[in-house]
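Report on the structure
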Amino acid sequence: MALSIHPHWENLLQEAFEAPYFQQLIGFVKSAYGSNRCYPPGKLIFNAFDLCPPEQTKVVILGQDPYHGPGQAHGLCFSVPEGVSHPPSLVNIFKELEKDIGIPYPKRGDLTPWAQQGVLLLNATLTVQAHSAGSHQNKGWETFTDHVIQTLSQRFQGIVFLLWGGYAKQKSKWIDPQKHKVFTAGHPSPLSANRGYWFGNGHFSKTNDYLTATGKAPIDWAL
């Protein structure tokens, strides 16, 4: 399998790509994909980066793992291809979207239009073995995506980081709050959302208010 990424990201992250841990990671990924069914498809591992070049990134939403069921993962956190049933976390994201800014619950679960407007839909771990959540954690992906977050924080200004859940909140240590805006909430999964940690966070309207206040075009969250 061949791994490729948007050339602007390739230039920005050259240091990471040349690091020994990343070479070991790619060896692991190629071996895993060669011996097991893994997600997302190889050509979509860097889909979030390909759809959202660094200089266009206005918002970062951080997930943890790709979905591990057939046909779900396509390289964008929380997103599923058109025609695929919405997983529970995505259902709650859409319910909050409707409550926050009045957008009717979308029929499609494909968040590609968000990515194309500058929303980096980044999972901390970019690959997973089928039906085995967390199976590719602690192999190097987290080091890589931490580097991505830190690089965006250092090289750019005025990005909104949406950190949902305890795992995502840990990434705030890589973000300079003097240069960027960080919003945190519970994870949209039913366990967290139903305990009062998700609904009512208002992150979609707060994000657009911040972008507008800093002279950037707001995100059209409608799908």
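Please read these numbers as outputs of a predicted model, since none were measured by experiment. Every chain's residues receive numbers from 1 upward, in the order its sequence appears when written. Given that the model is predicted, a residue must reach a pLDDT of at least 70 before its local features are reported, and side-chain atom pairs must reach 80 or more before they are shown or counted; all residues, however, enter totals for whole chains, interfaces and linings. Side-chain calculation: all heavy atoms of the structure are included, whereas hydrogens and water are not.

The next thing to look at is the overall build of the protein. Each helix and strand counted, the protein has 10 helices and six strands in total. Here the C-alpha atoms of the protein give a radius of gyration of 17 Å, agreeing with the 17 Å that 2.2 N^0.38 yields for 223 residues. Projected onto its principal axes, the C-alpha coordinates of the protein cover approximately 45 × 35 × 25 Å. Per-residue accessibility, obtained with a 1.4 Å probe over protein chains only, is compared with the maximum for each type, and a residue is labelled buried under 20%, exposed over 50%, and partly exposed between these values. Taking all 223 residues of the protein together, 52% fall into the buried category. By definition in these notes, contact holds between two residues if any of their heavy atoms fall within 4.5 Å. Relative to all contacts within the protein whose residues are 6 or more apart in sequence, the contacts with residues 24 or more apart total 67%. Under the convention used here, a 1.4 Å probe and the Shrake-Rupley method define accessible areas, while residue burial counts only the protein chains that appear. Put simply, the protein shows about 10000 Å² of open surface, and 49% of that area lies on carbon and sulfur atoms. A run of H or I in DSSP counts as a helix once it spans at least four residues, and a run of E counts as a strand once it spans at least two, with each numbered from the N terminus. Atoms counted for the radius of gyration: C-alpha only. Globule rule: 2.2 Å times residue count to the power 0.38.

Okay, the packing of aromatic side chains next. When we look at a pair of aromatic rings, we describe it by the centre distance and by the angle of the planes. Aromatic rings from Phe, Tyr and Trp, with only the six-membered ring used for Trp, were paired whenever their centres fell within 6.5 Å, and each pair was classed as stacked if the ring planes differed by under 30 degrees, edge-to-face if by over 60, and tilted otherwise. Across all of its chains, the model carries 18 aromatic pairs by this definition. Ring centres 6.0 Å apart and planes at 65 degrees place the aromatic pair Trp 141 and Phe 144 in the edge-to-face group. With Trp 141 and Phe 144 both in helix α7 (residues 141-155) and three residues apart, the pair spans about one turn of that helix. Each member of the pair, Trp 141 as well as Phe 144, carries the same accessibility label: buried. Ring-pair connections join several aromatic residues into one group, and the members of that group are Trp 9, Phe 17, Tyr 21, Phe 22, Phe 46, Phe 49, Trp 141 and Phe 144.

With 65 residues, the main nonpolar core has Phe 49, Ile 61, Trp 114 and Phe 144 as its most contacted residues. For this core, the leading source of residues is helix α3 (residues 20-35), giving six residues. Excluding residues within four positions of it along the chain, Phe 144 makes contact with Leu 13, Ala 16, Phe 17, Tyr 21, Phe 22, Phe 46, Phe 49 and Leu 126. Only buried residues count toward a nonpolar core. Its members are Ala, Val, Leu, Ile, Met, Phe, Trp, Tyr and Cys residues joined through side-chain atoms within 4.5 Å.

Another aspect to go through is the packing of α3 against α7. Helix-helix packing: each pair is described by the crossing angle between the helix axes and the interaxial distance. Interhelical geometry of α3 versus α7 gives an angle of 125 degrees and a closest axis separation of 9 Å. In this view, α3 runs oblique relative to α7, as classed from their interaxial angle. Between α3 and α7 lies a crossing of left-handed hand. Together, Tyr 21, Phe 22, Leu 25 and Val 29 of α3 and Trp 141, Thr 143 and Phe 144 of α7 make up the contact between the two elements. Among the residues forming the contact of α3 with α7, the class breakdown is six nonpolar, one polar and no charged. Throughout, an axis means a line fitted to C-alpha atoms (over the contacting stretch in the case of helices), and angles, computed between N-to-C directions, take values from 0 to 180 degrees. Each angle receives one of four descriptions, namely roughly parallel if under 35 degrees, roughly antiparallel if over 145, roughly perpendicular if within 65 to 115, and oblique otherwise. Take the far helix as the reference: if the near one is turned anticlockwise from it by less than a right angle, the crossing is left-handed, and if turned clockwise, right-handed. Ten residues, namely Ala, Val, Leu, Ile, Met, Phe, Trp, Tyr, Cys and Pro, are considered nonpolar, four, namely Asp, Glu, Lys and Arg, are considered charged, and the remaining ones, Gly among them, are considered polar.

A few words now on the packing of helix α5 (residues 88-101) against helix α10 (residues 203-213). The contact between α5 and α10 brings their axes to 8 Å, and the two run at 60 degrees. Judged by the inter-axis angle, α5 sits oblique to α10. Taken together, the residues of α10 that come into contact with α5 (itself represented by Ile 93, Glu 96, Leu 97, Asp 100 and Ile 101) are His 203, Phe 204 and Ser 205. The class makeup of the residues in the contact of α5 with α10 is four nonpolar, two polar and two charged.

Our next topic: the environment of Phe 17. Mapped onto the elements, Phe 17 comes out in helix α2 (residues 14-18). Look at Phe 17 and you get buried, because its relative accessible area is 13%. Separated by 200 residues in the primary sequence, Phe 17 and Ala 217 have C-alpha atoms spaced 32 Å apart. Each residue touching Phe 17, except ones within four places of it in the same chain, is listed here: Ile 5, Trp 9, Glu 10, Phe 22, Gln 23 and Phe 144.

Turning next to the state of the cysteines. Any cysteine sulfur atom paired with another within 2.5 Å is treated as part of a disulfide. Applying the stated criterion across every chain yields a total of zero disulfides. With no disulfide of its own, Cys 38 lies 20 Å from the sulfur of Cys 77, the closest cysteine sulfur. Under the relative-accessibility criterion, Cys 38 is labelled buried at 8%. You can see Cys 52 has no disulfide; the closest cysteine sulfur is in Cys 77, sitting 11 Å from it.

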